[in-house]
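# Descriptive analysis of the structure
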2 protein chains.
Amino acid sequence: MKQIDVILTKSRSYPIFITDKDFSELGETIKNFTLGSDAFIITNANIHKLYADDLRKAFNRNGIQSHFYKIKDSEQSKSVTEYIKTVTKISSIDVKKKLFLVALGGGVVGDLCGFVAATYKRGIPYVQVPTTLLAQVDSSIGGKTAIDLPSGKNLIGAFFHPVLVYSNINLLKSLPIRQIKSGLAEVIKYGIILDPKLFEFLEKNQQKILNRDHDSLKYIISQSSRIKAYVVSVDEKETKGFRTILNFGHTIGHALETANKYSNLTHGEAITMGMVGACEIASELGLLRQSDLFRMTSLLQLIKLPEKALKIDLKAILDAFSRDKKFIHGKIRMVLPTRIGHVIVADDIPFKLIKKIIQKQVRIYNGN
Amino acid sequence: MKQIDVILTKSRSYPIFITDKDFSELGETIKNFTLGSDAFIITNANIHKLYADDLRKAFNRNGIQSHFYKIKDSEQSKSVTEYIKTVTKISSIDVKKKLFLVALGGGVVGDLCGFVAATYKRGIPYVQVPTTLLAQVDSSIGGKTAIDLPSGKNLIGAFFHPVLVYSNINLLKSLPIRQIKSGLAEVIKYGIILDPKLFEFLEKNQQKILNRDHDSLKYIISQSSRIKAYVVSVDEKETKGFRTILNFGHTIGHALETANKYSNLTHGEAITMGMVGACEIASELGLLRQSDLFRMTSLLQLIKLPEKALKIDLKAILDAFSRDKKFIHGKIRMVLPTRIGHVIVADDIPFKLIKKIIQKQVRIYNGN
């Protein structure tokens, strides 16, 4: 079991464990953290079928009662309605117990569970057990929790860190390849923004990763966790400008997800469009040389587009842009690459240029 | 303008200003904090009628646009429905602006506004402008924010501090006397838990305070703010056991509020019952001598009972007890006074004793 720490002020630092053992280890680990007598485990039907029995037994052996709670595996589960249902369920069993939460699932489960943990009785402990590559390399680390409102994705949320993150590589064996690719998009992001070595590793080992080669997965998960933990340690609440670099690809990506109503694109596919867009903007502005642009866009082709053409409305994506949290004081701020392993945060990008690039992308995604 | 600081780690410390000037001063103060271009001001109809024009002008003179948002002045405004309505309204005007929130009102406005500020876009700055004595001496300070669910009062919330608290004594001139008394209950609480001098001041100056004597109000607000700020500085998130002393009177008090469906009792009236109950429990356990019990219950008689008899259901209040956040691991924890200016946090209070005391109180409140 490898350990990487997210270093925060006071006693709020926490470990990310990367492992390939069975759940017994998780039972013992959680027992050592003395979080409580009862685990309220938020998960989805698919994950529940695969792992609930093992996890229940592992917790039982360590004197912890399990209460499983299933949500639908879709962005709709990040609604206020589901949030209230979950909190109400928790309060109904929270009598004469010491409860903690477990997020057993991907980003949707983690975001909802984290926000519930942040706000139920003003905060109770929770553990992240990410079951997708995307959640293991990104969303389970860093304490960003949120739910959606009709007027915007992640519009309400909180910074609230888990007590520990438990990333088990074995859980990825049952993950559909499209989900592996979705997580891989964030891994490529880390390469471009901070880590040329990781980028080269991805260039060389693409096929092994897509074949779920154990050691390759272990390497990219460890390296990504290390990078995410480092960025969060330096700029926990995105107030110093540094955590902003994690938004590379996400400005256009989020607008695309909003315009597309989150229906038929994975997060990785959306931010891939965003990363390609940002690379092209950097290139047009003379910030990125052609050879690096070529390597970046070539690697990003790993994250294939969905085979069916989309129907993205250009106007909807431009509208969504103006609601983005990164749209500050009416200026457009974007993270742009200058070489492999380095990005800058640029303010005042001309909207005309962004529009031109988005137009081109939308044409490609819509297949015309 | 007197300043008292709430000292917190990192750059999160913030001032409480106690003043008797007009709103011009607030406009300038907020400008100096450079919080943003637009103030979203949550308030109620009554306060809006009295102060909105003055505040708008003061903000205008300092280059800040005002957006007033009125909620009903009742616990029902701390519902999820009102919370979502408020956030949706904010997001609809939050385009190309830098927004901050202002809580202009009492505890309900402050709790809702604080929780919105804590969770909208994972946290935006807010200012507390408390307009009741209760909010000035207690709820506006310390960062506890929350809303209610049908299954419990304050069941969801967050610790999230304002950027500043602006307590203006002039605002209390329009406050009904019953609301003055409600705030006074918390002031008496500070005397009992930590400050014998404040307690003696209250014994001597009861009538002046009820007559809204300017200097007396200024003294009790300053002293209460100082005590609350101190307790919060030592134990921000109630994890060290010290902040718990602020719960003196609140264990029985909250149960009473829940059982009574918050309809016809002020918070001060409810916690007065709680404080009298806790004093009697301490006395029965031999922790508090008769002479101190007499002084405490005598002073607490300042907070008169509502004239109409209540219809509190003994079973409902005992049920509510078991859902209290202070009911930990099936044991009953209560704050009990041992002398004027000193309390202890006692675990394992026999439920039989609590039941006996509550029974007596309920008989008195129900008038039979």
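This text gives an overview of the structure that appears in the document. All of these numbers come straight from a predicted model, not from anything done at the bench.

### A short note on the interface of chain A and chain B
Between chain A and chain B, the residue contacts involve 31 residues of the former and 31 residues of the latter. A class-by-class count of the residues in the side of chain A that touches chain B yields twelve nonpolar, twelve polar and seven charged.

### Examining the packing of helix α9 (residues 250–259) of chain B against helix α10 (residues 267–284) of chain B
For any two helices packed against each other, the geometry comes down to the angle between their axes and how far apart the axes lie. Residues and elements named next belong to chain B. Close contact between α9 and α10 brings their axes to 7 Å; oriented N to C, the two are set at 140°. Compared by their axis directions, α9 and α10 come out oblique. The crossing of α9 and α10 is right-handed. From α9, H250, T251, I252, G253, L256 and E257 reach across to α10, where they touch A270, I271, M273, G274, G277 and A278. Residue composition of the contact of α9 with α10, by class: six nonpolar, five polar and one charged.

### Examining the packing of helix α3 (residues 80–93) of chain B against helix α4 (residues 107–119) of chain B
Residues and elements named next belong to chain B. In contact at an axis separation of 10 Å, α3 and α4 are set at 55° when each is read in the N-to-C sense. Classed by the angle they form, the pair α3 and α4 counts as oblique. The handedness of the crossing between α3 and α4 comes out as right-handed. Of α4, the residues touching α3 (which contributes E82, Y83, T86 and V87) are L112, F115 and V116. Classifying every residue of the contact of α3 with α4 by side-chain character gives five nonpolar, one polar and one charged.

### Focus on the sheet that holds strand β3 (residues 38–44) of chain B
Residues and elements named next belong to chain B. The mixed open sheet is built from seven strands, whose spatial order is β1-β2-β9-β6-β5-β3-β4. Whereas interior strands pair on both sides, the edge strands pair on one side only; in this sheet they are β1 (2–6) and β4 (65–71). Sheet twist, expressed as the mean angle between neighbouring strand axes with direction ignored, is 20°. By the bridge criterion, five bridges tie β3 to strand β5 (residues 99–105) in an arrangement that is parallel. In the sheet register, I41 faces β5, and the bridge partner there is V102. On top of the sheet, helix α2 (residues 45–61) reaches β3, β4 and β5; it is set at about 160° to β3, its chief contact.

### A word on the relation of the copies chain A and chain B
When chain A is brought onto chain B, the operation consists of a screw motion whose angular component is 180° and whose axial shift is 0.0 Å, with 0.0 Å RMSD remaining. The symmetry that links the two subunits is that of a two-fold axis. With an isologous cut-off of 70% or more, the 100% of interface residues of chain A that recur at the interface of chain B puts this contact in the isologous class.

### Side note on the pairing of β4 of chain B
Residue and element names in this part refer to chain B. Summarising the sheet, β3 and β4 pair through seven bridges and their orientation is parallel. Following the sheet pairing, I42 is matched in β4 by Y69. In this region the chain leaves β3, passes through α2 and returns to the parallel neighbour β4; the handedness of that crossover is right-handed.

### Examining helix α4 (residues 107–119) of chain A
All names here are of chain A. The end-to-end C-alpha separation of α4 is 18 Å, in line with the 18 Å expected for 13 residues at 1.5 Å each. In terms of burial, α4 is largely enclosed, as 13 of its 13 residues are buried. Count one or two residues on from α4 and you reach K121, which has phi positive near 50°.

### Focus: the sheet that holds strand β4 (residues 65–71) of chain A
All names here are of chain A. One open sheet holds the seven strands; their spatial order is β1-β2-β9-β6-β5-β3-β4, and the pairing between them is mixed. Each end of this open sheet is capped by a strand with a single partner; those strands are β1 (2–6) and β4. Taking each pair of neighbouring strands and ignoring which way they run, the sheet shows an average axis angle of 20°. Of the strands in this sheet, β3 (38–44), β4 and β5 (99–105) touch helix α2 (residues 45–61), which is tilted by about 160° from β3. Here α4 sits on the sheet and contacts β3, β4, β5 and β6 (126–130); the angle it forms with β5, its principal contact strand, is near 165°.

About the criteria used
- Residues numbered from 1 in each chain as written.
- Chains lettered and ligands numbered in written order.
- Predicted model: local features only at pLDDT ≥ 70, side-chain atom pairs only at ≥ 80, totals over all residues.
- Contact = placed C-beta atoms within 7 Å.
- Nonpolar A, V, L, I, M, F, W, Y, C, P; charged D, E, K, R; others polar.
- Axes fitted to C-alpha atoms, helices over the stretch in contact; angles between N-to-C directions.
- Helix = DSSP H or I, 4+ residues; strand = E, 2+ residues; numbered from the N terminus.
- Parallel < 35°, antiparallel > 145°, perpendicular 65-115°, else oblique.
- Left-handed = near helix turned anticlockwise from the far one by under 90°.
- Pairing = 2+ DSSP bridges.
- Least-squares fit on C-alpha atoms with pLDDT ≥ 70 in both.
- Right-handed = clockwise from strand over helix to strand, strands pointing away.
- Expected span 1.5 Å × (residues − 1).
- Buried ≥ 20, exposed ≤ 12 C-beta atoms within 10 Å, placed from the backbone.

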